[in-house]
Amino acid sequence: MSETETTENIGFADLGLRPELLDALTELGYEEPTPIQRESIPRLLEGRDLLGQAATGTGKTAAFALPILERVMDSDRTAPTALVLVPTRELAMQVSEAVHRYGRAAGARVLPIYGGQPIGRQLDALRRGVDVVIATPGRALDHLKRRTLPLQSIQMVVLDEADEMLDMGFAEDIESILQATPEDRQTVLFSATMPGRINGIAKRHLTDPVRIEIAKATADSATAPLVRQTAYIVSRAHKAAALGRILDVESPAAAIVFCRTRHEVDSLAETLNGRGYRAEGLHGGMSQEQRDRVMGRLRGQTAELLVATDVAARGLDVDHLTHVVNYDVPSAPEAYVHRIGRVGRAGREGIAITLAEPREQRLLKNIERVTGSPISIEKVPTVEDLRNRRMELTMATLRETLQSDDLDRFRTVVESLSEDSDLFQIALAAVKLAHEATVGSEDIEEIPEVASRPSRNAKDSTKRGPHAKKGSPSQKGSRRSEGSAGMTRLYFGAGRATGIRPKDLVGAIANETKLSGKDIGSIEIQDRFSLVEVPESAVDEVLWAMKRTTLKGKKTKVRRERFDSPSD
Ligand code: AMP
């Protein structure tokens, strides 16, 4: 495609990294460097200091981790070669994992050091030997004071999320730590914002740094006016489920879902297929023949979702796309603009959906600022929303069917059913069948809502939505205490959803036991179960009888109501 910029053709292999590291990246499914990696890695390998303005999600971790690993492999590895300072324990763990992943083949030993973790374990690891230390400033300083963190061989120091570290009051700790490292070290500072205080640190501790700013506004980055842009904030663990839910509600005719890595493409395509979508994966690891097949299915509309990496989707033109989905926030606004430019063409409205993890909200803001068009943050549809939407679809389908002129052939069915059921009931049963045939499997897991403005330290909030508590044990427990004297409440595993009415329950019990209708107490019918009061003295008889009979033609589980899980 003509939009392809020349810099985009620069691959990891062009950055000067050694084969062990390149293999690790291939293994991880990375197809090409992000802009910040493209700009930082060669300069860092030259030994330059670096001052980078970049937020989480831009790929900045690999931008400093890969050059660190190059250094580690060149060193004698008797003491730590690199020190990365990060603001939070969560980030210390995350960065450690990343460095470990990139450096596994290189045999790099990585240690996160943060407060709250038993110091003994950190001391053991330090004694055994460590190449890269990722620490929060407070705990790093503790170790320095105890002389348990050797810094004499440090060649590279990274201050990651420097603005956050300053906000958290670590300025002095950082100064002390930097002073304890060799003067000829290489220093890298990444910060999402560049307030004066950051420039102060940079002036004092960086030598002639390369300056890199990702997301410079470009004149031609205005987005197509017809694209409705939305975003959802979801934690990593719930992303796939959230996407499924969003797609269910949006019901796109044809969509492209962008992922960062090949692995993500493969696993997401599989998940979406499992959810009933016809999804095809496309990534750079596929042969031309495989790609042609995928594109054929998309163009021929036998597939409705294309899950792809940027590299694979480059040059691809599908004109009936209605939605573009960013499974992750793109690493630079330009990539975002490029991606969403695939919909909203030729005067049709297009929809761009972005899934962002809580930490990536800053990237979203940046994209808004650069493109000058708002992205509206929406809530992931709840189970209730989905049910309503599915009900709407069923209704629409039925309305359409009512218009069709080939209904007559079903007349005899309705007529013969109406001999012993009323027409309204017959209609309900038919709607139920139609509904179940179109909605597929029931999705009943609530996706936790994430606070849209996390605090600095925030872990993903797992606040439950208002719909998650339906049928909670406490509700039922309190009802039980209202039971009548001498009566016991029985749980029947069938309810409104299977068309159960009070008279069905009374009928079944009265027909099969010596009880008559007036012996039976209160009856409560819920969607999926019913509760029926019977005399305590007759409980065993009723349970025994119910094992041998059916309710509305189906075997139904019957037992005493429990406090804990009445709805099973
Ligand atoms: P970071 O901004 O460093 O937190 O990285 C954000 C995410 O992007 C992480 O999940 C990385 O694994 C992923 N990532 C980093 N670089 C690349 C790349 N070149 N290609 C694909 N994914 C990447």
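You'll find the structure just up there.
If you're wondering where the values come from, they're calculated on a predicted model, not measured in any experiment. (Residues numbered from 1 in each chain as written. Predicted model: local features only at pLDDT ≥ 70, side-chain atom pairs only at ≥ 80, totals over all residues. Heavy atoms only, no water.)

**Things to note about the pairing of strand β4 (residues 132-135)**
- Side chains Val-132 and Ile-134 of β4 all project onto a buried face; the interleaved residues Val-133 and Ala-135 project onto the opposite face, where all are buried too.
- Taken together, the four bridges between strand β2 (residues 82-85) and β4 define a ladder with parallel strand orientation. The residue of β4 that forms the bridge with Val-84 is Ile-134.
- Note: strand β3 (residues 110-113) against β4, four bridges, orientation parallel. For Pro-112, the partnering residue across the bridge sits in β4 and is Ile-134.
- You can see the chain leave β3, run along helix α5 (residues 119-128) and come back into β4, and the turn it takes is right-handed. (Buried < 20%, exposed > 50% of the residue type's maximum accessible area, 1.4 Å probe, protein only. Helix = DSSP H or I, 4+ residues; strand = E, 2+ residues; numbered from the N terminus. Pairing = 2+ DSSP bridges. Right-handed = clockwise from strand over helix to strand, strands pointing away.)

**What about helix α16 (residues 383-403)?**
- For α16, which comprises 21 residues, the first-to-last C-alpha distance of 31 Å matches the rise-based estimate of 30 Å (1.5 Å per residue) to within 8%.
- For α16, the complete set of buried residues consists of Val-383, Leu-386, Arg-390 and Thr-394. When α16 is viewed along its axis, its buried side chains cluster within an angular range of 75° and face the same direction. Those residues of α16 that are exposed and aimed more than 90 degrees away from the buried face are Arg-399, Glu-400, Leu-402 and Gln-403. (Expected span 1.5 Å × (residues − 1). Arc of directions from axis to C-beta.)

**So, the sheet that holds strand β1 (residues 50-53)**
- If you walk across this open sheet you meet the seven strands as β3-β4-β2-β5-β6-β1-β7, and the pairing is parallel. At either end of the open sheet lies a strand with only one pairing partner, and these are β3 and β7 (210-213). Averaged over neighbouring strand pairs, the angle between their axes works out to 15° when direction is ignored.
- Running at roughly 180° to β3, helix α4 (residues 89-103) makes contact with β2, β3 and β4 of the sheet. (Axes fitted to C-alpha atoms, helices over the stretch in contact; angles between N-to-C directions. Contact = heavy atoms within 4.5 Å.)

**Some details on the packing of aromatic side chains**
- Under the definition given, this model contains three aromatic pairs.
- On the basis of an interplanar angle of 40° and a centroid distance of 6.1 Å, the ring pair of Phe-64 and Phe-190 is categorised as tilted. Note that Phe-64 is positioned in helix α3 (residues 60-74) and Phe-190 in strand β6 (residues 186-191), a separation of 126 residues in sequence.
- On the basis of relative accessibility, which here comes to 0%, the residue Phe-190 falls in the buried class.
- Seen from the ring of Tyr-327, Lys-239 lies directly overhead, with NZ or CZ sitting 5.1 Å from the centre. (Phe/Tyr/Trp six-rings, centres within 6.5 Å; stacked < 30°, edge-to-face > 60°. Lys NZ or Arg CZ within 6 Å of the ring centre and 35° of its normal.)

**Remarks on the pattern of salt bridges**
- Tallying each qualifying case throughout the model produces 39 salt bridges.
- One salt bridge in this structure joins Lys-60 and Asp-160, with 2.9 Å as the shortest N-O distance. Taken together, the residues span a long stretch of sequence, with Lys-60 in helix α3 and Asp-160 in the loop between β5 (156-159) and α7 (162-167) at a distance of 100 residues. Asp-160 shares its class with Lys-60; the two are buried.
- Between Asp-408 and Arg-411 there is a salt bridge whose closest N-O contact spans 3.1 Å.
- Put simply, Arg-236, Lys-239, Arg-260, Glu-264, Asp-328, Glu-357 and Glu-360 are held in one network by salt bridges that share partners. (Salt bridge = Lys/Arg side-chain N within 4 Å of Asp/Glu carboxyl O.)

**With respect to the site of the ligand**
- In the vicinity of the ligand lie 14 residues, with Tyr-30, Gln-37, Gly-57, Gly-59 and Thr-61 positioned nearest.
- A distance of 2.7 Å separates a nitrogen atom of the ligand from a polar side-chain atom of Gln-37.
- Here Thr-61 contributes a side-chain N or O atom positioned 2.6 Å from an oxygen atom of the ligand.
- Residues that form the shell around the ligand fall into these classes: three nonpolar, eight polar and three charged. (Near = heavy atom within 4 Å. Polar contact = N/O pair within 3.5 Å; in protein donor to acceptor, adjacent residues only side chain to side chain. Nonpolar A, V, L, I, M, F, W, Y, C, P; charged D, E, K, R; others polar.)

**What about the nonpolar core?**
- Counting residues in hydrophobic clusters, the biggest one holds 41 residues, and the most contacted among them are Leu-66, Ile-68, Val-84 and Tyr-102.
- Sorting elements by how many residues they give to this core places α3 first, with eight residues.
- Setting aside residues no more than four positions away along its own chain, Val-84 makes contact with Phe-64, Ile-68, Val-95, Val-132, Val-133, Ile-134, Ala-135, Val-158 and Asp-160.
- Judged by nonpolar contacts, the second largest core, of 33 residues, contains Ala-55, Ala-192, Ala-303 and Ala-356. (Core = buried A, V, L, I, M, F, W, Y, C linked by side-chain atoms within 4.5 Å.)

**Some points on the sheet that holds strand β17 (residues 530-535)**
- Within the open sheet, the four strands sit side by side as β16-β17-β15-β20. Their pairing is antiparallel. With one partner strand each, in any of the chains shown, β16 (523-525) and β20 (558-560) form the two edges of the open sheet. Within this sheet the neighbouring strands show an average axis-to-axis angle of 30°, counted without direction.
- For strand β15 (residues 487-492) and β17, the ladder comprises six bridges, and the chain directions are antiparallel. Among the inter-strand pairings, Arg-489 is bridged to a residue of β17, identified as Glu-533.
- Contacting β15, β16 and β17, helix α20 (residues 502-512) runs over the sheet at an angle of about 130° to β16.

**Looking at the packing of α5 against helix α6 (residues 137-146)**
- For the pair α5 and α6, interaxial distance at closest approach is 12 Å and the crossing angle is 65°. Of the two possible hands of crossing, α5 and α6 adopt the one that is right-handed. Judged by residue contacts, Ile-119, Gln-122, Leu-123 and Leu-126 of α5 engage Arg-139, His-143 and Arg-146 from α6.
- The class makeup of the residues in the contact of α5 with α6 is three nonpolar, two polar and two charged. (Left-handed = near helix turned anticlockwise from the far one by under 90°.)

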